[in-house]
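# Residue-level structure breakdown
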Amino acid sequence: TAGAELLGVDALTAGYGAAPVLQQVGIKVREGELVALLGANGAGKSTLMRALSGLHRPVMGGMHLDGVALEGLGAEQVVGLGLVLVPEGRQVFPELSVVDNIRLGAFRCPDRMEERLEAMLDRFPRLRERAHQRAGLLSGGEQQMLAIARGLMAKPRVLLLDEPSLGLAPKVIEDLFGVLDRLRGEALTIVLVDQMASLALALADRAYVLEGGRVVAQGTAAEIAGDSALARAYLGAH
Ligand code: ATP
């Protein structure tokens, strides 16, 4: 029961120098949907996330959030509109405490800070146990939870998650997907890039498959998961 279109990418072309990395990419995300972006390493998924977040300037094409054009906006402005990236590699501040990392997510919207911090520590009990430790001492899975908590503090209308399971042990990945499932249940709109294609598809409403910077397939998660040729070619299945 997805709502109206909230995030859109139209004919987006982007690259680094001469070679295009994204070519004519089109994507739509409706309110409350979880959309998976799949594809091999180098397909352009991170570039798309960075373009949406104002961190990489595309060559051509459009991007919009709830009707507001995103092209040309800076990263801070994009966050202010509610498009929030949890970047690949977590990028927590290792010298700061866990709670200070979480507070940083709310730097643009510091209202009811301590109350919202408490709610976040309720959601992530492992972070509460380590609230006053330096973030650099957390495990990879805990740092990923911290990066998500920080992102949620920015009051996202759409949360972009870039490779959250990267480098994590299977049990930790299971916990992580449990967290994502809960966010999905709360009707948060999510765009998920993850190499764990079958887990991502189990959670997603719809999916896009990128290859060589182009969208080569799209459909409901069930359609993409059920396409055996696609699974063999792009999703790491055998
Ligand atoms: P991965 O899962 O490996 O991050 P991806 O699908 O997210 O893959 P991108 O990171 O978007 O892919 O990279 C797409 C292509 O752009 C790759 O060929 C990559 O080498 C190239 N690329 C990425 N960042 C840069 C950069 N800063 N300068 C030059 N080329 C880059």
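In case you missed it, the structure is sitting above this.
Our subject in this report is the structure included herewith. (Residues numbered from 1 in each chain as written. Predicted model: local features only at pLDDT ≥ 70, side-chain atom pairs only at ≥ 80, totals over all residues. Heavy atoms only, no water.)

## Quick word on unusual backbone geometry
What counts here: Where helices and strands are cited, they refer to DSSP runs of H or I of at least four residues and of E of at least two residues respectively, numbered from the N terminus. Note on classification: 1.4 Å probe, protein chains only; a residue is buried when its accessible area is under 20% of the maximum for its type, exposed when over 50%, partly exposed between these limits.
Positive phi, normally seen in glycine, also occurs at glutamine 91, with a value near 55 degrees. With respect to the element layout, glutamine 91 can be found in the loop between β6 (83-86) and α3 (98-104). The backbone of alanine 187 shows a phi angle near 65 degrees, a positive value even though the residue is not glycine. Residue placement: alanine 187 occurs in the loop between α7 (170-185) and β8 (189-193). Alanine 187 sits in the partly exposed class, given a relative accessible area of 48%.

## A look at the nonpolar core
We apply this condition: The definition of a nonpolar core used throughout is a set of buried Ala, Val, Leu, Ile, Met, Phe, Trp, Tyr and Cys residues joined through side-chain atoms within 4.5 Å. Contacts between residues were defined by any pair of non-hydrogen atoms, one from each residue, lying within 4.5 Å.
Among the nonpolar cores identified, the biggest contains 50 residues, and Leu38, Ile102, Phe124, Leu127, Ile148, Leu159 and Leu183 are the most heavily contacted of them. Residue contacts for phenylalanine 124: discarding those within four places in its chain leaves Met145, Ile148, Ala149, Leu152 and Val179. The next biggest cluster of nonpolar side chains, apart from the first, holds 28 residues, and it includes Leu6, Val25, Val29 and Val78.

## A few points about helix α1 (residues 45-52)
Across the eight residues of α1, six count as buried, placing the element largely inside the fold. Among all positions in α1, only Lys45, Thr47, Leu48, Met49, Ala51 and Leu52 are buried. Following α1 by one or two positions, glycine 54 has its phi on the positive side, about 80 degrees.

## Some words on the sheet that holds strand β1 (residues 5-16)
Basically, it comes down to this: Should DSSP find at least two bridges between two strands, the strands are taken to pair.
Taken in spatial order, the four strands of this open sheet run β2-β1-β4-β5, and their pairing is antiparallel. Taken across any chain shown, the strands that pair with only one partner, and hence form the sheet edges, are β2 (19-30) and β5 (68-69). Relative to β5, strand β4 (residues 60-65) is paired through two bridges, and the arrangement is antiparallel. Note on β5: the bridge partner recorded for histidine 64 is alanine 69.

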